[in-house]
Amino acid sequence: MKRILPDLWQTAVENPAPGLYTHAYLLTRETGNVLFYNTGHHQDIEDMADLGGVAYQFLSHQDELGESLNVIRQRFGAQLGGHIHEQSEFARIRVPDILFERREVQLDNIDVIPTPGHTPGSTCFYVHSAHGRYLFTGDTLTLTKEGTWAAGYIPGYSDHEQLAESLKLLQELAPDAVICSGFDGGNAYQTIVPGSWPSLVHRAFEKLVR
């Protein structure tokens, strides 16, 4: 695993489909580590044991489902979190222990923000760490090879209007680092210049609504 921030570790890249790449991220915490997204890399899972294991695993949406959820559960006893609108999809692999339904705070410092559009249960996580504010966008916003942010709209799969409203919501935040789920082969995260995030999201919004 690669340390990208003082309390955040990135797993090795995976390539689940042509042109699509993913990482998972382990947030280390004294009160129990949180794994965002999912990984099937067994070595990374073993590395997580050395970092204190996984107490919770939060998925941003159904596209991150996989049998490795059960591997991580068996290895660490991790509680799984996912959105209530996708619980039937989750249940094909594993029934969630924690169901997200509305904006709320989980585990004292993780703001759970439902952002439907890419999928019905897409969810972002806004972590208030001692080292900064981290925004995990799932596929609601993805980072392109050019270093710009783009809405995760897939014709015939995503809901255009819901996604546009979700971008408006994310525009109000002030993250120091933003970490997406799926990406096209460049970087999967970006540190944010103070004050610049609203304009970065607005550009993605403008491209979406054209």
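Structure shown above.
Rules used throughout
- The numbers attached to residues start from 1 for each chain and follow its sequence in the written order.
- Given that this is a predicted model, residues contribute local features only at a pLDDT of at least 70 and side-chain atom pairs are listed and counted only at 80 or more, while totals for whole chains, interfaces and linings are drawn from all residues.
- Side-chain descriptors were evaluated using all non-hydrogen atoms of the structure, hydrogens and water having been removed beforehand.
- Numbering goes from the N terminus for both helices and strands, where a helix is a DSSP run of H or I of at least four residues and a strand is a run of E of at least two.
- Here, two residues are considered to be in contact whenever any of their heavy atoms come within 4.5 Å of each other.
- Only the contacting stretch of a helix is used when fitting its axis, a line to C-alpha atoms as for every element, and angles between N-to-C directions run 0 to 180 degrees.
- Orientation labels follow simple angle bins: below 35 degrees gives roughly parallel, above 145 gives roughly antiparallel, 65 to 115 gives roughly perpendicular, and whatever is left gives oblique.
- Take the far helix as your reference; a near helix turned counterclockwise from it by less than a right angle gives a left-handed crossing, and one turned clockwise gives a right-handed crossing.
- Side-chain classes follow a simple rule in which Ala, Val, Leu, Ile, Met, Phe, Trp, Tyr, Cys and Pro form the nonpolar group, Asp, Glu, Lys and Arg form the charged group, and the remainder, Gly included, forms the polar group.
- We count a salt bridge whenever a side-chain nitrogen from Lys or Arg sits within 4 Å of a carboxyl oxygen from Asp or Glu.
- At least two bridges found by DSSP between two strands is the condition for calling them paired.
- The rule is simple: take the accessible area with a 1.4 Å probe, protein chains only, and divide by the maximum for that residue type; under 20% is buried, over 50% is exposed, in between is partly exposed.
- Each direction from the helix axis to a C-beta atom contributes to the arc, which is the arc of those directions.

Draft legend 1. Structural view of the side chain of Q10. One can find Q10 in strand β2 (residues 8-10). Contact partners of Q10, with chain neighbours within four places excluded, come to M1, K2, I4, H23, A24, Y25, A188 and Y189.

Draft legend 2. Quick peek at the packing of helix α1 (residues 42-50) against helix α2 (residues 68-76). At a minimum axis distance of 11 Å, the contact between α1 and α2 shows a crossing angle of 25°. Comparing their axes, α2 and α1 come out roughly parallel. For the pair α1 and α2, the crossing hand works out as right-handed. Within the contact between the two elements, α1 uses H42, I45, E46, M48 and A49 and α2 uses V71, I72, R75 and F76. Of the residues contributing to the contact of α1 with α2, the split by class is six nonpolar, one polar and two charged.

Draft legend 3. The pattern of salt bridges, seen in detail. Taken as a whole and assessed by the stated rule, the structure comprises seven salt bridges. Here R102 ties to E101 by a salt bridge, and the two come within 3.7 Å at their closest N and O atoms. Between D176 and R133 there is a salt bridge; the shortest N-O distance is 3.7 Å. With D176 in the loop between α4 (160-170) and β16 (177-180) and R133 in strand β13 (residues 132-138), this residue pair connects regions lying 43 residues apart in the sequence. Because the salt bridges share partners, they merge into one network encompassing R73, R94 and D97.

Draft legend 4. Geometry of the sheet that holds strand β4 (residues 20-22). On the basis of which strands lie adjacent, the open sheet formed by three strands has the order β3-β4-β17 and antiparallel pairing. Two strands close off the open sheet at either side, each with one partner strand: β3 (14-17) and β17 (182-183). In the sheet, β3 pairs with β4 via two bridges, with the strands oriented antiparallel. Within β4, the position partnered with A17 by the bridge is L20.

Draft legend 5. Main features of α1. Of the positions making up α1, those classed as buried are D44, I45 and M48. The buried side chains of α1 occupy one side of the element, clustering within an arc of 105° when seen end-on. Facing away from the buried side of α1 by more than 90 degrees, the exposed set consists of H42, Q43 and D50. Where α1 is buried, its residues contact β5 (25-27), β6 (34-36) and α2. Note on α1: the residue one or two positions beyond its end, G52, has a positive phi of about 110°.

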